[in-house]
Structure formats: C-alpha cells, structure tokens
Amino acid sequence: MTTEAVIEPTYGNWRRPRRAGLGPLGLVGTVGVFGGLVLVLLASLASLQAAFVVGVPLVVALLPMAVRTQDGRNMYQLLTLRIGWSRRVSRREHLYVSGPLSARPAGRFPPPGLLSGVLAREGRDAYDRPFGVLHHKSRNLYTIVLRCEPDGGSLVDPEQVDTWVSLWGEWLSRLAHEPGLRGASVVVETAPDPGTRLAAEVLPRLDAAAPAAARAVLEEVVEDYPSASSEMNSYITLTYAPVGGPRRDPEDVVTDLAIRVPSLLTGLIGAGGGVAEPLSAEQIAEVVRVAYDPACAAEVLSVRAEHGQTGLEWADCGPVAAVESVDAYQHDSGVSRTWLLTLAPRGTVRSSVLRTMLDASAGTRRKRVALLYRPIDPATSARIVEADRRTAQFMATSGRGMVQARAAAEVRAAEQAAAEEATGAGLVEFSLMLTVTVDDRSQLDDASVLVRNMTGATRIAMRPAHRMQAAAFTCTLPAGILPWEQTVLPHELQEAM
C-alpha cells in the first residue's frame with residue numbers, strides 16, 4: 001500500500017493598488033513636477049534669478065508629497081489629519097453626552113459620530129423573516145446585516161477547506177454584479193462567555209426530585225464552564241445605494257432588498273457559513289448597544305433568553321458618554337483601541353492565517369475583526385489588471401539586481417491576476433480593522449502587546465488609528481459604515497494623491 005502526501009492549499013496573490021505617477025509623488029505630484037518644470041523653463045527665458053524664484057517654492061511645495069509613511073500617506077495628508085483633530089478638540093466634538101441630562105432631543109441615547117444620522121427600518125423577506133435595514137441618510141445608503149455560524153476548521157479535510165474558500169471567493173465575486181452594492185464587511189466578534197445561555201438552558205430543566213449530587217454537579221458546570229469558554233459572533237453587512245435614482249421611496253428600497261436576502265443567505269451557507277439568518281432592527285441595536293457598553297452583555301442576553309426580545313430601539317443603543325483621545329476611545333464601561341491594516345501578508349498563506357487573530361484573547365472584554373470589501377465591476381476590473389500588468393512589466397525591464405528580481409515576481413503575479421480575471425474571476429479591494437475593548441485604560445498597553453503578537457503570527461502589519469479612533473471604532477461595528485464613502489475627497493482623487 002502507498003500513501004500520498006496531503007498538500008494543504010495555499011492562497012495569496014493579492015497586490016496593493018499602484019499609485020499613478022512618478023515614484024511616491026502620485027498623479028497630482030507628477031503633474032506638479034512637469035508643470036513646475038515648464039514654469040521654470042519659461043522663467044529662465046527672462047533671467048536665471050526669475051527661474052530660481054519660481055523653482056525654489058515649487059520644490060518646497062512638492063517635497064512633502066514625495067515623503068510617505070508606512071501606510072502610504074504623504075506629509076500633506078498627515079498635516080490635514082492633525083489639523084482636523086485640533087479643530088475637533090477645540091470645538092469639543094471629541095466629547096459625547098446623551099440621555100436626559102444632555103441636550104439631546106427627548107432625552108434618548110442615539111449612537112454618536114458616523115451613526116448619528118442613521119435610521120433603522122424593518123422589512124420581511126420572501127420567507128416572512130424580519131430583517132433590519134439601516135438607512136444612512138447623509139449618504140442615502142441602505143445596510144442589511146446577516147448573522148452566520150461558520151463551520152469550524154478542526155478535523156476538516158484540506159479539500160473541504162479549499163472548497164469553502166473557493167465558494168467564498170465566488171460569493172464575493174458575485175457581489176460585483178449586485179445592483180447598487182457599494183461595499184460589504186465581515187465582522188467577527190469574540191468575548192468571554194457570560195454563561196447566560198447555558199444557565200437558561202440547564203437550570204430550568206433541573207428536576208426537583210433529582211439526587212442532590214447530580215444537581216450540584218450541573219450547578220457547578222453552569223457556574224464554572226463559562227470561565228474557560230468564549231462566545232463568537234459573525235456578521236455580514238451589505239451596503240447598497242438605491243437603484244433607480246436617489247429619490248426612491250425608502251419603503252420601495254426595503255422591498256427590493258427583501259427579494260435579495262434569500263439568495264445571499266444561500267450563498268453564505270454554501271461557502272461554509274453554517275446557519276445564516278438576517279438580523280432584525282432590534283437585534284442590530286442590541287449588538288451596537290453591547291459594543292458601546294460591554295458590561296450589559298449578560299443582561300441583554302438574559303432578557304432575550306427569558307422573553308425572546310429586549311424591546312431595544314435604535315435610538316437608544318448608543319452610549320451615555322464617550323470621549324475620544326489620540327490613541328483610544330472611552331465609551332460607558334469600556335475603553336477601545338482600533339488598529340488599521342497597512343500591509344497584507346507577502347507571498348502565499350494558508351487558510352488558517354487569521355486563526356490567531358480571530359480566536360478569543362484573554363484579558364480583553366471584547367474584540368472585533370472587520371474585513372472590509374469593495375467589489376469592483378467587471379469593466380473596471382479589466383482596466384485595473386491590464387494597467388497593473390503593464391506597470392509590472394515596465395518595472396521589471398527597468399530594474400537592477402534584487403529590484404529586478406522582485407519586479408519579476410510582480411510580473412508573474414500581475415500576469416496571473418490578468419489571466420484569472422479574463423476567465424471570469426472578480427476583483428475586490430479589501431482591508432482589515434481590529435478593535436480591542438478592555439475595562440480600563442491601563443490595560444491598553446497589554447492589549448497593544450497582544451495585537452503585536454497576533455499580527456506577527458498572521459504575518460500582517462497594522463498600526464493604531466491615531467486621531468480617528470471614534471470613526472475607526474464605528475467602522476468595525478456591523479452597521480455598514482464604509483470608510484471610502486465617508487471621506488470628504490472622492491476616492492479617485494485620494495488615490496491620485
């Protein structure tokens with residue numbers, strides 16, 4: 001008998017979008033360089049002194065665009081970020097207070113920041129299941145939230161894992177054909193298990209006539225088991241723009257989304273998502289409420305387990321008070337810090353690359369990992385992969401030594417991406433954000449060490465979202481906040497810079 005070695009599939013071939021222009025200058029900087037050269041040449045026709053007067057300010061103005069940080073931002077973008085933070089602090093916009101003692105109308109507790117202008121609606125799909133819809137009025141976008149229970153990877157054949165990954169990639173590629181879809185996110189939330197659901201299942205079933213020893217054993221299990229376990233929740237958010245014009249009635253948009261929900265759930269189940277269902281408006285509010293006040297998690301679960309509902313409304317799921325600082329965000333009973341992805345793993349990785357990051361972590365109250373996806377339509381995908389292929393070929397033919405070797409690898413990756421796109425594969429931009437919530441600010445340093453260990457194991461690079469912790473915290477919630485939809489400058493202009 002002979003045995004064949006089992007080869008575990010590997011994945012990768014993602015590439016950071018290339019910035020148009022010369023080196024780190026970007027398109028705007030490149031246009032400025034060539035335009036400046038023309039001005040200097042015209043000024044030199046008058047005198048060398050005039051050319052010097054024109055050239056020096058141009059060099060001083062363009063030099064900050066050539067200096068970039070690890071995450072690709074130039075000095076002007078960093079300066080804009082600092083100025084924006086200083087203005088928010090001077091206006092006291094980094095502070096938030098709600099409730100009867102605040103100036104909020106009706107004394108309620110609405111969520112702050114990017115969620116302040118969101119309204120919650122509810123519809124029913126083809127199977128008469130309720131699903132919540134978050135209407136982002138400022139951007140006229142609509143978000144639905146799906147919850148699933150993915151099958152674990154333990155004791156699963158590599159072939160089955162490879163099939164799940166393939167079906168998940170197919171599901172993502174189909175999103176590019178979803179009418180009006182602006183983006184999607186996958187949020188995996190882990191937290192210590194409060195034991196509420198276990199107690200609700202076991203304690204009411206104890207027989208009063210059972211032996212005292214048996215009852216004592218079950219009561220001890222209910223008391224001690226949660227200390228060594230954790231709960232994990234997975235959410236999929238899909239954010240749409242109304243198809244047919246921005247003035248469509250919201251009820252009509254909800255009706256259109258109701259038709260799409262069953263097929264989306266079917267695709268998730270086939271990709272290893274396990275049991276999948278849409279979240280009602282009340283359940284979405286509960287998730288947001290627990291995120292802002294982690295101490296109430298056990299109470300929310302207990303009320304839902306006892307009564308089947310909590311009665312919580314979207315207008316009351318925010319914090320009582322919140323304070324944003326440079327490197328943290330304090331909200332009710334928790335303090336959070338959010339990290340942003342700066343570099344995806346180089347080379348190939350296995351399907352378990354994010355397992356360390358997704359597992360529950362000791363010493364944290366809650367942890368959320370958010371994968372943000374921006375599907376690209378087929379026409380734009382073809383242009384992007386062809387442009388990347390031409391750029392990679394140019395870099396390979398103009399490089400020297402190790403630079404040329406790395407450029408040759410870029411050519412192979414670009415050629416593979418172009419070939420896969422030509423055969424029907426989809427192109428998706430993605431990023432990752434991580435939020436860790438602890439009980440006290442003094443525990444944030446330990447959380448930072450934990451994140452460094454996790455990123456080292458997953459071979460990715462992340463950095464804290466300095467001076468935008470509140471917005472980054474909101475982006476990791478399953479509420480459909482897409483960063484590229486919240487910027488002042490258009491996404492295309494940002495890429496050019």
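Before reading on, note that the structure itself is shown above.
Caption draft 1: Quick look at the overall build of the chain. Across its full length, the chain holds 15 helices and 13 strands. Counting over 497 residues, the chain shows a buried share of 39%. The contacts in the chain between residues at least 6 apart in sequence include a share of 77% that link residues at least 24 apart. By element, 58% of the accessible surface of the chain is carried by carbon and sulfur atoms, the whole surface being about 26,500 Å².

Caption draft 2: The nonpolar core, seen in detail. Of all hydrophobic cores here, the largest spans 43 residues; its most connected members are Phe131, Ile144, Trp171, Leu175, Leu238, Leu257 and Leu264. A total of eight residues in this core trace back to one element, the largest contributor, which is helix α7 (residues 250-273). One finds Leu115, Val287, Val288 and Ala479 within the second-largest nonpolar core, a separate group that totals 32 residues.

Caption draft 3: Structural context of the pattern of salt bridges. Per the counting criterion, the structure on display carries 24 salt bridges. Between Asp128 and Arg124 there is a salt bridge whose closest N-O contact spans 3.7 Å. For Asp128, a relative accessible area of 52% puts it in the exposed group. Judged by relative accessible area, Arg124 falls into the partly exposed class, the value being 48%. For Arg174, the salt bridge identified is with Glu170, shortest N-O distance 3.5 Å. You can see Arg174 and its partner Glu170 sitting in helix α4 (residues 158-175), four residues apart, about one turn around the helix. Residue Arg174 is classed as partly exposed on the basis of its relative accessible area, which comes to 39%. One connected set of salt bridges, linked through shared partners, spans Glu189, Glu231, Arg366 and Arg368.

Caption draft 4: Representation of a nonpolar patch on the surface. Nonpolar side chains collect at one region of the surface, where Val38, Leu39, Leu42 and Leu45 lie side by side and expose about 420 Å² of accessible area between them. Considering the arrangement of structural elements, one finds Leu45 in the loop between α1 (26-44) and α2 (48-66).

Caption draft 5: Quick look at the environment of Gly426. Structurally, Gly426 can be placed in the loop between α12 (401-422) and β12 (427-438). The class for Gly426 is partly exposed, based on a relative accessible area of 39%. Remark: the alpha-carbon pair of Gly426 and Trp171, spanning 255 residues in sequence, is separated by 9.7 Å.

The rules behind these values
- Residues numbered from 1 in each chain as written.
- Predicted model: local features only at pLDDT ≥ 70, side-chain atom pairs only at ≥ 80, totals over all residues.
- Heavy atoms only, no water.
- Helix = DSSP H or I, 4+ residues; strand = E, 2+ residues; numbered from the N terminus.
- Buried < 20%, exposed > 50% of the residue type's maximum accessible area, 1.4 Å probe, protein only.
- Contact = heavy atoms within 4.5 Å.
- Areas by Shrake-Rupley, 256 points an atom, 1.4 Å probe, with all protein chains shown as cover.
- Core = buried A, V, L, I, M, F, W, Y, C linked by side-chain atoms within 4.5 Å.
- Salt bridge = Lys/Arg side-chain N within 4 Å of Asp/Glu carboxyl O.
- Patch = residues over 30% accessible without salt bridge, like charges linked within 9 Å, V, L, I, M, F, W, Y side chains within 5 Å.

Honestly, it's all geometry; don't read function into it.
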